[in-house]
Amino acid sequence: MTGIANNPSNISDLAGSQPGTHARRRAPQPSAADRLTRFRNDVLAGLAQRPRTIPCKYLYDDRGSELFEEICELPEYYPTRSEVALLRSHRVEIAEALGRNVTLIEPGAGSGIKTRLLISALDRPLGVIPIEISPAALSQSAMELKRRFPDLTVEPIRGDFTDDIEIPQLAEDERRVIYFPGSTIGNFTPDERLALLRRFRAMAGDDGAALIGIDLKKDPSMLVAAYDDARGVTAAFNLNLLRRINRELGADFDLRRFAHRAVWNSEKSRIEMWIVSLEEQRITMGGNSWAFAEGEGIHTENSHKFTISSFSREASAAGFDSRAWWTDPAGRFAVLLLESAPVVGVD
């Protein structure tokens with residue numbers, strides 16, 4: 001993995017560079033210009049909607065990724081602690097259920113702390129394929145994996161896991177496991193979750209599986225506190241989106257005139273994050289202009305909360321069978337093992 005730290009933009013070109021692997025052709029990834037064009041188009045489309053909305057993936061530039069790692073350490077933010085406790089208690093059982101020759105594919109890899117915990121318990125893992133939109137986060141995760149597990153094949157891919165990404169095969173007898181911790185699945189609407197789970201089913205293949213973390217339903221006061229912490233780190237994370245739009249797209253958002261809001265939507269069983277205008281104002285960007293009323297918001301993120309049975313039904317609709325599940329001692333968080341279900345043929 002020589003050179004990752006000095007050239008994070010070329011992380012996705014490192015496939016096949018590890019000892020014992022074969023050179024593999026990677027599907028071309030979008031260029032920086034293409035990514036910027038998509039960002040601009042998504043912002044323009046989102047600000048034209050009512051309510052205004054911007055996809056949550058744009059929260060995760062390098063600074064956003066740093067702030068999210070800080071969020072995970074906050075006393076109010078229970079999901080990370082709960083999931084780590086779950087893994088420490090049950091990782092041996094989970095590893096036994098996954099079996100040998102596992103290739104872990106981790107969309108939205110982030111810092112990879114939970115990935116390393118899981119790998120340490122696996123029996124003869126083949127490798128790990130982290131997929132991450134932030135080059136800095138991907139670089140750090142890949143380097144730490146190679147430091148902790150020098151004999152493990154690491155194939156980092158920089159990209160958006162909601163796009164079509166070609167996943168390299170590490171061995172003919174590999175068992176592909178999609179590892180999606182952190183309840184990131186909760187950021188997607190029901191229709192988006194179905195599409196994403198079907199994508200994971202295709203990645204895993206007929207003999208594969210998915211290991212997915214879900215945040216369980218609980219007292220709304222605990223939920224709101226987790227997404228609106230006293231130190232204001234989550235607020236900085238949310239408002240950083242406006243700073244990114246200003247920097248990359250030339251908008252003129254004044255962050256002092258907006259505020260972070262987190263609200264519980266009981267009907268849809270989700271926390272919603274908003275950026276709310278504190279006064280009447282007008283925003284411009286590249287010849288476009290939008291009037292904001294006082295109290296008008298931009299919807300930036302959802303975090304859906306589940307029961308084990310409700311999520312198992314969703315997984316079944318996407319082609320998975322729910323095989324096992326584990327929870328932390330307080331019952332706040334769960335990890336489900338989903339096996340690829342047989343494909344029913346049509347005569």
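Data block above holds the structure.
Residues numbered from 1 in each chain as written. Predicted model: local features only at pLDDT ≥ 70, side-chain atom pairs only at ≥ 80, totals over all residues. Heavy atoms only, no water.

**Some points on the overall build of the protein**
Then, number 1: Helices and strands together make up the secondary structure of the protein, namely nine helices and 14 strands.
Then, number 2: In the protein, which comprises 347 residues, the proportion classed as buried is 53%.
Then, number 3: Within the protein, contacts between residues separated by at least 24 positions form 71% of all contacts whose residues are at least 6 apart in sequence.
Then, number 4: Carbon and sulfur atoms provide 49% of the accessible area of the protein, an area that totals close to 15,700 Å². (Helix = DSSP H or I, 4+ residues; strand = E, 2+ residues; numbered from the N terminus. Buried < 20%, exposed > 50% of the residue type's maximum accessible area, 1.4 Å probe, protein only. Contact = heavy atoms within 4.5 Å. Areas by Shrake-Rupley, 256 points an atom, 1.4 Å probe, with all protein chains shown as cover.)

**Some details on unusual backbone geometry**
Then, number 1: Following Arg50, the chain continues into Pro51 via a peptide bond in cis, with omega recorded as -5°.
Then, number 2: Mapped onto the secondary structure, Pro51 falls in the loop between helix 1 (32–48) and strand 1 (52–53).
Then, number 3: In the Ramachandran plot, Ser269 falls in the positive-phi region, its phi being about 55° despite a non-glycine side chain.
Then, number 4: Mapped onto the elements, Ser269 comes out in the loop between strand 8 (258–265) and strand 9 (270–277).

**Points about the packing of aromatic side chains**
Then, number 1: Taken as a whole and judged by the stated rule, the model has 13 aromatic pairs.
Then, number 2: Note on Phe68 and Phe237: the rings are 6.1 Å apart at their centroids and 45° apart in plane angle, and the pair reads as tilted. Placement of the pair is Phe68 in helix 2 (residues 62–71) and Phe237 in helix 8 (residues 233–249), with a sequence separation of 169 residues.
Then, number 3: In this structure Phe68 comes out as partly exposed when scored by relative accessible area, which is 23%.
Then, number 4: Their ring planes at 85° and their centres at 5.7 Å tell us that Phe258 and Phe292 sit as a pair that is edge-to-face. One end of the pair, Phe258, is in strand 8; the other, Phe292, is in strand 11 (residues 288–292), and 34 residues separate them in sequence. The exposure classification of Phe258 matches that of Phe292, with both residues buried.
Then, number 5: Ring pairs connect the aromatic residues Tyr60, Phe68, Tyr77, Tyr227 and Phe237, which therefore count as one cluster.
Then, number 6: Over the ring of Phe292 we find Arg52, and its NZ or CZ is 4.4 Å from the ring centre.
Then, number 7: Arg244 extends its terminal NZ or CZ atom over the ring of Phe39, reaching a point 4.5 Å from the ring centre. (Phe/Tyr/Trp six-rings, centres within 6.5 Å; stacked < 30°, edge-to-face > 60°. Lys NZ or Arg CZ within 6 Å of the ring centre and 35° of its normal.)

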